Amino acid sequence: MNNRAPATGPVEATGPVEATAPADGAERVAGPPSVIEIAGVRKSYGATEVLRGVDLSVARGSITAVLGASGSGKTTLLRLIAGFDGADAGTISIAGRRVDDGRRTVSARHRGVGYVPQDSALFPHLTVRANIAFGMPRRSRARLPELIVLVGLTGYEKRYPHQLSGGQQQRVALARALAIEPKVVLMDEPFGALDAALRDTVRSDVARILADSGTTVILVTHDQDEALSLADHVAVLDSGTVTAHGTPRELYDRPPTPQVAASIGIANILDGEVVGDRVRCAFGELPAPGAACGPAAAGEPAAGPRPCRVLLRPESLHLHSTPEDGTSPATVRQVRYHGHDTLMDLAVDASGDADGLALTARITGRAAPQPGQRVWIATTEAPHIWT
């Protein structure tokens, strides 16, 4: 059994880390440009291994979304960073200070982190002002009016949680987390309990608040749209390991594997083959810059075609009502109208390389084909490929 200091107390009620000798025997490490450094972290509960060697770096002032399905280990990772639980192996450092090395751990109240849970977890008997002030050192309470303005709750200071909307409650929870001037704020599915319309509004509000405060944030979510729209960086957590880490655009446009592509938005993944600087697939030949299958050196014969996988996002597919050069016939199977756009599930006609191919296209505008209608699809964009 590991000899650990207990992780006690709610993190949002803790104070900032002082620039003095480390508490709880914490080891000082050279301060990296990042605020959070996680290396080789493992965690099991009994015989169930939840985290299998997680590596993650979080830049100062950034919002990093940890994206993963239920059971991937997102909440466990957040609990380890917060100090609610201890790692079995690996290291966690916050602002250059090692807080967990698999043997010794700094308690939650000494880590200088703020925590925003999914359900806000406000004290029902305290006003907005008192909830935000909870855990603040008395010397810091002069900042209360500034925090209330920051989260847009001026005039609500004397209200109780039951007198607030769900979005307002989450803003109080965020202000309470920011009140301790934390090194990092941890957000655990903070918008999951809100209805869809309110979720977008609160997400925008929170993005503004965090940008204004310059706070470093780790957000765990299973919502792809949330991760892509809110975060500066996205870490994809799958089966207890980080399988990809990059900006939202990098991971959407150039995911490292087909599995990551499918976890970041909708992905049409086709079989193909690279020939020179082109790729052959169900749509004929498309440009494939950077994947040239040419000679290794001057005078050597060109290499032959090699198999690959091809990524086409729904918005890269163009629909036509009549056949044109470079198009493939398909039938509309299902139409999903979202107001701002429409997703259509297509079945490409069973012929040649397109046999049995199912695709999803995204179109804008009011006019959309109906289920059962015949269309012709094409793409002229260079796809992302894996060889």
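A brief structural summary. Keep in mind the model is a prediction, meaning the values are calculated, not measured.

### Topic: the overall build of the protein
Link 1 in the chain: Helix and strand counts for the protein come out as 8 helices and 21 strands.
Link 2 in the chain: Across the 387 residues that make up the protein, the buried fraction comes to 46%.
Link 3 in the chain: Sequence-distant contacts in the protein: of pairs separated by 6 or more residues, those separated by 24 or more amount to 69%.
Link 4 in the chain: Total accessible area on the protein is roughly 18,000 Å²; 50% of this is exposed by carbon and sulfur atoms.

### Quick word on the pairing of strand S9 (residues 217-221)
Link 1 in the chain: Here S9 lies mainly inside the structure; 5 of its 5 residues are buried.
Link 2 in the chain: Of the two faces of S9, the one holding Val-217, Leu-219 and Thr-221 and the one holding Ile-218 and Val-220 are both buried throughout.
Link 3 in the chain: Judged from the 5 bridges that link them, strand S4 (residues 63-67) and S9 form a sheet pairing that is parallel. Across the sheet, Leu-67 pairs through a bridge with Thr-221, a residue of S9.

### Observations regarding the sheet that holds strand S11 (residues 241-246)
Link 1 in the chain: An order of S7-S8-S9-S4-S10-S11 is seen for the 6 strands of this open sheet, with the pairing classed as mixed. This sheet does not close on itself; its edge strands, each paired only once, are strand S7 (113-116) and S11. Taken pair by pair, the neighbouring strands of this sheet meet at an average axis angle of 20°, ignoring direction.
Link 2 in the chain: As judged from the 4 bridges shared by S7 and strand S8 (residues 184-188), these two strands associate in the parallel manner. When the sheet's bridge partners are listed, Val-116 is paired in S8 with Met-187.
Link 3 in the chain: Of the strands in this sheet, S4, S7, S8, S9 and strand S10 (233-238) touch helix H1 (residues 74-82), which is tilted by about 150° from S8.

### So, the nonpolar core
Link 1 in the chain: One finds Ile-132, Leu-174, Val-185, Met-187, Val-234 and Ile-264 to be the most contacted residues of the largest nonpolar core, which totals 43 residues.
Link 2 in the chain: Considering each element in turn, this core owes the most residues, 7 residues, to helix H4 (residues 166-179).
Link 3 in the chain: Not counting residues within four places of it along the chain, the set of residues in contact with Met-187 comprises Leu-78, Val-116, Val-206, Leu-210, Val-217, Ile-218, Leu-219 and Val-220.
Link 4 in the chain: If you look at the next biggest cluster of nonpolar residues, it comprises 28 residues, including Ile-38, Leu-56, Val-184 and Ala-235.

### What to know about the pattern of salt bridges
Link 1 in the chain: Across all of its chains, the model carries 19 salt bridges by this definition.
Link 2 in the chain: The salt bridge partner of Arg-203 is Asp-223, with a shortest N-O separation of 3.9 Å. Taken as a pair, Arg-203 in helix H5 (residues 196-213) and Asp-223 in the loop between S9 and helix H6 (224-230) lie far apart in primary sequence, 20 residues in all.
Link 3 in the chain: Owing to a relative accessible area of 10%, Arg-203 belongs among the buried residues under this scheme.
Link 4 in the chain: The salt bridge partner of Glu-285 is Arg-280, with a shortest N-O separation of 3.3 Å.

### Brief notes about the packing of aromatic side chains
Link 1 in the chain: What the rule picks out here adds up to 2 aromatic pairs.
Link 2 in the chain: Ring centres 4.6 Å apart and planes at 55° place the aromatic pair Phe-123 and Phe-134 in the tilted group. Residue Phe-123 is located in the loop between S7 and helix H2 (128-133), and its partner Phe-134 is located in the loop between H2 and helix H3 (144-150); the two are separated by 11 residues in the primary sequence.
Link 3 in the chain: Residue class for Phe-123 comes out partly exposed when judged on its relative accessible area of 27%.
Link 4 in the chain: Judged by its relative accessible area of 32%, Phe-134 is partly exposed.
Link 5 in the chain: When the ring centre of Tyr-252 is taken as origin, the NZ or CZ atom of Arg-313, which lies over that ring, is 4.0 Å away.

### Looking at the sheet that holds strand S15 (residues 306-312)
Link 1 in the chain: Pairing within the open sheet is antiparallel, and its 5 strands lie in the order S14-S13-S12-S15-S21. Edge positions in the sheet fall to strand S14 (284-287) and strand S21 (384-386), since each has one partner strand and no second. Along the sheet, successive strands turn relative to each other by an average axial angle of 40°, direction set aside.
Link 2 in the chain: The sheet contact formed by strand S12 (residues 268-275) and S15 spans 7 bridges and is antiparallel.

### Overview of the environment of Gly-166
Link 1 in the chain: Here Gly-166 is to be found in helix H4.
Link 2 in the chain: For the pair Gly-166 and Ala-193, spaced 27 residues apart in the sequence, the C-alpha separation amounts to 8.1 Å.
Link 3 in the chain: In this view, Gly-166 contacts Leu-194 and Leu-198; residues no more than four positions away in its chain are not counted.

### Topic: the state of the cysteines
Link 1 in the chain: Applying the stated rule across the entire model yields 0 disulfides.
Link 2 in the chain: Lacking any disulfide linkage, Cys-281 is separated from the closest cysteine sulfur, that of Cys-308, by 8.0 Å.
Link 3 in the chain: For Cys-281, a relative accessible area of 6% puts it in the buried group.

Rules used in this analysis
Residues numbered from 1 in each chain as written. Predicted model: local features only at pLDDT ≥ 70, side-chain atom pairs only at ≥ 80, totals over all residues. Heavy atoms only, no water. Helix = DSSP H or I, 4+ residues; strand = E, 2+ residues; numbered from the N terminus. Buried < 20%, exposed > 50% of the residue type's maximum accessible area, 1.4 Å probe, protein only. Contact = heavy atoms within 4.5 Å. Areas by Shrake-Rupley, 256 points an atom, 1.4 Å probe, with all protein chains shown as cover. Pairing = 2+ DSSP bridges. Axes fitted to C-alpha atoms, helices over the stretch in contact; angles between N-to-C directions. Core = buried A, V, L, I, M, F, W, Y, C linked by side-chain atoms within 4.5 Å. Salt bridge = Lys/Arg side-chain N within 4 Å of Asp/Glu carboxyl O. Phe/Tyr/Trp six-rings, centres within 6.5 Å; stacked < 30°, edge-to-face > 60°. Lys NZ or Arg CZ within 6 Å of the ring centre and 35° of its normal. Disulfide = S-S within 2.5 Å.

All we've got here are geometric facts, nothing functional implied.
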